[in-house]
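Each chain is listed here by its residues.
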Amino acid sequence: MEALAERLSHLDSDIESVIRVVAFYDTLMRRRVDLPALARASAGLAGCAAGIRLHGTGRVLRMSPDGRELPDASRNGDLSGPTSPASTTAPITLDEEEIGTVWLERPGPPLPLDEVLLDRLAIAAAAIVERYGPARTTMADPALVELVISADSDEAARARALRLLGFAAELPVRVVAVRSQVPLDQLGGLICPGRPVKAAPLADVGVLLATTVDPARFPAGVRAGIGAAESPGRSWQQARTALRFTTSRRPVVRHDDLGALALLARIPADAVRDNPDVAAIARLAQNAEDLETLDAYCATGSLRQAADLLHLHHSSVSRRLDQIARILGVELADPTGLTRARLALTAWRLLDG
């Protein structure tokens, strides 16, 4: 509204027309029109094609001045907006997040009132999205998200919270625990581009709720644990456990892929610290080079593959492994020794969070 008032101050010569545009959209909102009716009325008022696109659903509405619906751009692979070049565009914002775009497709230069018209169209579109369906923003009320994932929530309260967040009752909800420098709203759009997806920060981690999750879509630098249980409460516990198993080499972990390794997360921290193999790993970790070498060998189980991973000659890696084996007191070439090293390294990492 402040932006609109600023524009009004520059249009004194046609202030009556501006007021009529504002009144036109006020009337539409009092009549509680839907998005197609809003786009159709806007095209009629502008005298040219008008469009609305919602990023979250990919929905595109394009109307001609005579009220006919025009083909949308997404059918030919362009998701950015109109098929014809837009003469003027404006973002649709809700809860400080851009959720879509509105535009006019006027042949020739824009008219003086086009920007005012689009301001009102964008405001009206945001109000309709908020009124007639769950908000298409990614960021959600942390209290609602916590109600969904809490183990103490009863099923009725959980189901109501999911409805308020925009998840249909028949859809599964995946829970993801993340540590990320990427803003949560952007991250949500990346991993679940088809939506619905909701995000909220809780304590020391971020939470993502999504109907589908593609592990390959997480960007570099993000650590993520993905729960698998049907119950969001149980899935959240799994997601947090999986997050603890992430490393720089394996930044995204699905709880289902952990198998019996997930049992390590249940061992009390004091018992882990007191284990001789874990204590040896803690001493080894004082030398980052040795720790990296052991990590590569445990990940591959092969001297030559570890050398390739480290970009070193296999003889150099062999010498390092001999030294590491003496520190750990295990024979790394032996299957039992390698298993002990892998378990100890994993358990030590769990202590580090």
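The model shown is predicted, which means the values in this text are computed figures rather than measured ones.

### Thoughts on the sheet that holds strand β6 (residues 174-179)
Read from one edge to the other, the open sheet built from five strands follows the order β7-β8-β6-β9-β10, with strand pairing classed as mixed. Whereas interior strands pair on both sides, the edge strands pair on one side only; in this sheet they are β7 (197-202) and β10 (252-254). Shown here is a sheet whose adjacent strand axes are inclined to one another by a mean of 20 degrees, direction ignored. Across the sheet, helix α5 (residues 142-149) touches β6, β7 and β8 (205-210), and the angle it forms with β7 is around 95 degrees.

### Thoughts on the packing of helix α11 (residues 276-284) against helix α15 (residues 335-351)
α15 packs onto α11 with a crossing angle of 70 degrees between their chain directions and a minimal axis gap of 8 Å. Regarding the angle of α11 to α15, the classification is roughly perpendicular. Taking contact as the criterion, the partners of Asp277, Val278, Ile281 and Ala282 in α11 are, on α15, Arg340, Ala344, Leu345, Ala347, Trp348 and Leu351. Taken together, the residues that form the contact of α11 with α15 break down as eight nonpolar, no polar and two charged.

### Brief notes about the packing of aromatic side chains
Counted according to the given criterion, the structure contains one aromatic pair. Each ring, one from Phe24 and one from Tyr25, has its centre 5.3 Å from the other, and the planes form 85 degrees; the classification is edge-to-face. The class of Phe24 is partly exposed, set by a relative accessible area of 27%.

### What about the sheet that holds strand β1 (residues 49-54)?
The five strands lie next to each other as β3-β2-β1-β5-β4, forming an open sheet whose pairing is antiparallel. Whereas interior strands pair on both sides, the edge strands pair on one side only; in this sheet they are β3 (69-70) and β4 (88-94). Where β4 and strand β5 (residues 97-105) come together, seven bridges link them in antiparallel fashion. Paired with Pro91 across the strands is Thr101, a residue of β5.

### Concerning the nonpolar core
Core analysis: the largest hydrophobic core is formed by 35 residues, its most contacted members being Tyr25, Leu35, Leu38, Ile52, Ile92 and Val102. Only α2 (15-30), α3 (35-46), β1, β2 (60-63), β4, β5 and α4 (114-132) provide two or more residues apiece to this core. Per element, the largest residue contribution to this core is ten residues, and it comes from α4. Those residues within four positions of Leu38 in sequence are excluded, and the remaining contacts are Tyr25, Leu28, Val33, Ile52, Leu121, Ala124, Ala125 and Ile128.

### Side note on helix α12 (residues 288-300)
In this model α12 runs 18 Å from its N-terminal to its C-terminal C-alpha over 13 residues, within 8% of the 18 Å that 1.5 Å per residue would give. Here α12 has its buried residues at Asp290, Leu291, Thr293, Leu294, Asp295, Ala296, Tyr297 and Cys298. Looking at the buried side of α12, the elements it contacts are α11, α13 (303-310), α14 (314-328) and α15. The backbone nitrogen of Glu289 lies 2.9 Å from a side-chain oxygen of the residue at the head of α12, namely Asn287.

### Notes on the pattern of salt bridges
Under the counting rule described, the total for this entry stands at 13 salt bridges. When the shortest N-O distance is used, the salt bridge between Arg249 and Asp295 registers 2.5 Å. Here Asp295 lies in helix α12 and Arg249 lies in the loop between α8 (232-244) and β10, a separation of 46 residues in the sequence. For Asp295, a relative accessible area of 10% gives the class buried.

### Details of the environment of Ser64
As for its position among the elements, Ser64 is in the loop between β2 and β3. Since its relative accessible area comes to 4%, Ser64 is described here as buried. With 22 residues separating them in the primary sequence, Ser64 and Ser42 have C-alpha atoms 9.3 Å apart.

### Some words on the pairing of β1
Counting buried positions along β1 yields six of six residues, so the element is predominantly enclosed. Across the two faces of β1 the burial is the same, with Ala49, Gly51 and Arg53 and Ala50, Ile52 and Leu54 all buried. As paired strands, β1 and β5 are joined by six bridges and run antiparallel to one another. Note that in β5 the partner of Arg53 across the bridge is Thr101.

Cut-offs applied
Numbers given to residues run from 1 along each chain, matching the order in which its sequence is written. Where local features are concerned, this predicted model is filtered to residues with pLDDT of at least 70; where side-chain atom pairs are given and counted, the filter is 80 or more; whole-chain, interface and lining totals use all residues. Just so you know, side-chain values use all the structure's heavy atoms and leave hydrogens and water out. Paired strands are those between which DSSP finds at least two bridges. Strands are runs of DSSP state E lasting at least 2 residues, helices are runs of H or I lasting at least 4, and numbering of each runs from the N terminus. An axis is simply a line fitted to the C-alpha atoms; with a helix, the fit covers only the stretch in contact. Between two such axes, the angle follows the N-to-C directions and lies from 0 to 180 degrees. Every residue pair with non-hydrogen atoms within 4.5 Å of one another is taken to be in contact. For this classification, under 35 degrees means roughly parallel, over 145 means roughly antiparallel, 65 to 115 means roughly perpendicular, and everything else is oblique. Under this grouping Gly is polar, as are all residues other than the nonpolar Ala, Val, Leu, Ile, Met, Phe, Trp, Tyr, Cys and Pro and the charged Asp, Glu, Lys and Arg. Pairing of aromatic rings covers Phe, Tyr and the six-membered ring of Trp, with a centre-to-centre limit of 6.5 Å; geometry is then stacked below 30 degrees between planes, edge-to-face above 60, and tilted otherwise. Exposure classes here rest on a 1.4 Å probe applied to the protein chains alone. A residue is buried below 20% of its type maximum, exposed above 50%, and partly exposed in between. Residues belong to one nonpolar core when they are buried, are Ala, Val, Leu, Ile, Met, Phe, Trp, Tyr or Cys, and are joined through side-chain atoms within 4.5 Å. The span you would expect from a helix comes to 1.5 Å times its residue count less one. Two N or O atoms form a polar contact when they lie within 3.5 Å of each other; inside protein one atom must be a possible hydrogen donor and the other a possible acceptor, and for residues adjacent in sequence the pair counts only when both atoms belong to side chains. The salt bridge definition used is simple: a Lys or Arg side-chain nitrogen within 4 Å of an Asp or Glu carboxyl oxygen.

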